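So the chains spell out like this:
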Amino acid sequence: MTPARRELDRREPDHRPPAGLIRHVLRVALTGVAFTGFFLGAALLGSVVLQLVRLWPGGLTERQRRCQRLVRASWVLFHDCIRWVGLVDFDRRSHALDVRAPAIVIANHPTLIDITVLTVAVGPACVVAKKALFSNPLVGPLLRACGHIAVGLPGDGTESAVDQAEARLRAGHVVILFPEGTRSPVGGLGRFRLGAFELARRTGVPILPVRITAEPPTLWKGLPWYSVPRQTVDFRLQPLPTLSVDASATMAELRDITATTKAALAVRAAGRRSQKS
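This is a predicted model, so every value here is computed, not measured. (Residues numbered from 1 in each chain as written. Predicted model: local features only at pLDDT ≥ 70, side-chain atom pairs only at ≥ 80, totals over all residues. Heavy atoms only, no water.)

Engineer: Account for the layout of surface pockets, naming residues and giving values.
Structural biologist: Volume-wise, the largest pocket comes out at about 1,200 Å³. If you go around the largest pocket, you meet 42 residues; those closest to its centre are H109, V128, A129, K130 and L133. If you list the elements that add at least two residues to the lining of the largest pocket, you get α2 (19-53), α3 (60-84), α4 (114-122), β3 (126-130), α6 (140-145), α7 (161-170) and α8 (195-203). Residue contributions to the lining of the largest pocket peak at 5 residues, all from α3. (1 Å grid on protein atoms, 1.4 Å probe; cavity = no way out; pocket = protein on both sides within 12 Å on 5 of 7 lines; lining within 4 Å. Points joined across faces, edges and corners; volume = space filled by probe spheres on them. Helix = DSSP H or I, 4+ residues; strand = E, 2+ residues; numbered from the N terminus.)

What follows is the structure, given as structure tokens:
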């Protein structure tokens, strides 16, 4: 570079955007592409592929598990892709959970992708989801084909989610549910419902509580999808000791177990924050 060129460069302001801004815009764009692919893929799976899979011979439970396995394989591909592009660091191999059906898996619900992460880690399972999602044209057919469980509002004619989940457990499925019933508030846990613990009392199957953490926080409730952090999100699953509920447990004892489980998850969360401070 000549001295004159160096002098001009010194005098002229640099209007190029900073590299950090470019990387952040790229991350937002990649997030948009990832979610577009996710929903389009779910629509294709549910409306075409799984409908064909359900035609194969076998009973209802076998057909549902077949669909669950195929959907899980799709979520594995989704998470491998977003890990490869640096959006979310979730290593499915190191976070695989040893869950033997029938079983109940419960977790806190901090982000929008918790259910896909749990499905990848746990394996084929039935998921408890809001009834409105079952009528969604993109994901509804997928949810129905896999035998997932719809939670309706009181008095809307929907069969009790606990009754549906009990039937799935007795058929030999794993059932995944979030005791809060919605995504967790930022930095904490919402009110835990008794459904999972009532299920364990009725069926005698074990409960595996799992703590989900995402650092830095992303895809929280009320946070737009494009509000993504400037660095790769470290996504982790932390299983707690398995719980069992006696068939003779009273409602008061169920409430105690529920509160104890919530407190254990909260202690883990507090411990993680204190380690980072």
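Okay, back to it.
Engineer: Residues and numbers for α7, please.
Structural biologist: In terms of burial, α7 is a largely internal element, 7 of the 10 residues being buried. Taken together, the buried positions of α7 are A161, V162, Q164, A165, E166, R168 and L169. On its buried side, α7 packs onto β2 (103-107), β3, β4 (149-151), β5 (174-177) and α8. By the N-cap criterion, in which a side-chain oxygen at the helix start approaches the backbone nitrogen of a residue two or three places on, α7 is capped by S160, the distance to V162 being 3.2 Å. (Buried < 20%, exposed > 50% of the residue type's maximum accessible area, 1.4 Å probe, protein only. Contact = heavy atoms within 4.5 Å. Polar contact = N/O pair within 3.5 Å; in protein donor to acceptor, adjacent residues only side chain to side chain.)

Engineer: Give a description of the packing of α7 against α8 that names residues and reports values.
Structural biologist: Contact geometry of α7 with α8 gives a least axis separation of 10 Å together with a crossing angle of 45°. With respect to each other, α7 and α8 are oriented oblique. Of the two possible hands of crossing, α7 and α8 adopt the one that is right-handed. Contacts between α7 and α8 involve V162, D163, A165, E166, L169 and R170 from the first element and G195, E198, L199, R202 and T203 from the second. Taken together, the residues that form the contact of α7 with α8 break down as 4 nonpolar, 2 polar and 5 charged. (Axes fitted to C-alpha atoms, helices over the stretch in contact; angles between N-to-C directions. Parallel < 35°, antiparallel > 145°, perpendicular 65-115°, else oblique. Left-handed = near helix turned anticlockwise from the far one by under 90°. Nonpolar A, V, L, I, M, F, W, Y, C, P; charged D, E, K, R; others polar.)

Engineer: Can you break down a nonpolar patch on the surface residue by residue, with the values?
Structural biologist: Side chains of L44, V48, L52, L55 and W56 sit close together on the surface and give an oily, nonpolar patch of about 560 Å² of accessible area. Overall, the relative accessible area of 68% leaves L55 in the exposed class. (Patch = residues over 30% accessible without salt bridge, like charges linked within 9 Å, V, L, I, M, F, W, Y side chains within 5 Å. Areas by Shrake-Rupley, 256 points an atom, 1.4 Å probe, with all protein chains shown as cover. Salt bridge = Lys/Arg side-chain N within 4 Å of Asp/Glu carboxyl O.)

Engineer: Residues and numbers for the confidence of the model for the protein, please.
Structural biologist: Per-residue confidence for the protein averages 86 on the pLDDT scale, and 87% of its residues sit at or above 70. Across residues 4-9, confidence stays below pLDDT 50; counting only partners more than four residues off in sequence or on other chains, it has 3 contacts. The model gives residues 268-277 a pLDDT under 50, and that stretch makes 12 contacts with residues more than four places away or in other chains. (pLDDT = per-residue confidence, 0-100.)

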